[in-house]
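Residue-level structure breakdown
What follows is the residue order along each chain.
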Amino acid sequence: MNMFNIMTIKEFAKAIGRGVSTIYDWKNNGTIPANCFKQIGSIWYVKIDEIKVFLAS
């Protein structure tokens with residue numbers, strides 16, 4: 001885990017065996033809640049703690 005507790009959408013997609021476009025689709029249609037993401041500049045990240053809570057529910 002990194003000190004900022006985030007990973008890129010590309011890293012997350014690879015970790016769960018899905019395509020990057022699938023993750024963006026899930027983000028945009030609300031399948032994964034908005035609080036699980038953070039935009040810094042033009043790059044979107046997945047918040048590790050929030051995604052763990054979401055996946056556990």
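Parameters at a glance
- Residues numbered from 1 in each chain as written.
- Predicted model: local features only at pLDDT ≥ 70, side-chain atom pairs only at ≥ 80, totals over all residues.
- Heavy atoms only, no water.
- Helix = DSSP H or I, 4+ residues; strand = E, 2+ residues; numbered from the N terminus.
- Rg over C-alpha atoms; globule rule 2.2 N^0.38 Å.
- Buried < 20%, exposed > 50% of the residue type's maximum accessible area, 1.4 Å probe, protein only.
- Contact = heavy atoms within 4.5 Å.
- Pairing = 2+ DSSP bridges.
- Axes fitted to C-alpha atoms, helices over the stretch in contact; angles between N-to-C directions.

This part takes up the overall build of the chain. Counting its regular elements, the chain contains 3 helices and 3 strands. The secondary structure elements of the chain, listed N-terminal to C-terminal, are β-α-α-β-β-α. For 57 residues, the compact-globule estimate of 2.2 N^0.38 gives 10 Å, and the chain sits close to it at 10 Å. For the chain, the spread of C-alpha atoms along the three principal axes comes to 30 × 30 × 20 Å. The buried share of the chain, taken over its 57 residues, is 25%. Sequence-distant contacts in the chain: of pairs separated by 6 or more residues, those separated by 24 or more amount to 36%.

For the rest of this paragraph, the subject is the sheet that holds strand 2 (residues 37-40). Taken in spatial order, the 3 strands line up as 1-3-2 in an open sheet, and their pairing is antiparallel. Taken across any chain shown, the strands that pair with only one partner, and hence form the sheet edges, are strand 1 (6-8) and strand 2. When the angles between neighbouring strand axes are averaged without regard to direction, this sheet yields 40°. Pairing of strand 1 with strand 3 (residues 43-47) involves 3 bridges; the strand directions are antiparallel. Looking at strand 3, one finds that Met7 is bridged to Val46. The strands that helix 1 (residues 9-16) touches are strand 1, strand 2 and strand 3; relative to strand 1, the one it contacts most, it runs at about 85°. On the sheet, helix 3 (residues 48-56) packs against strand 1 and strand 3 and is oriented at approximately 55° with respect to strand 3.

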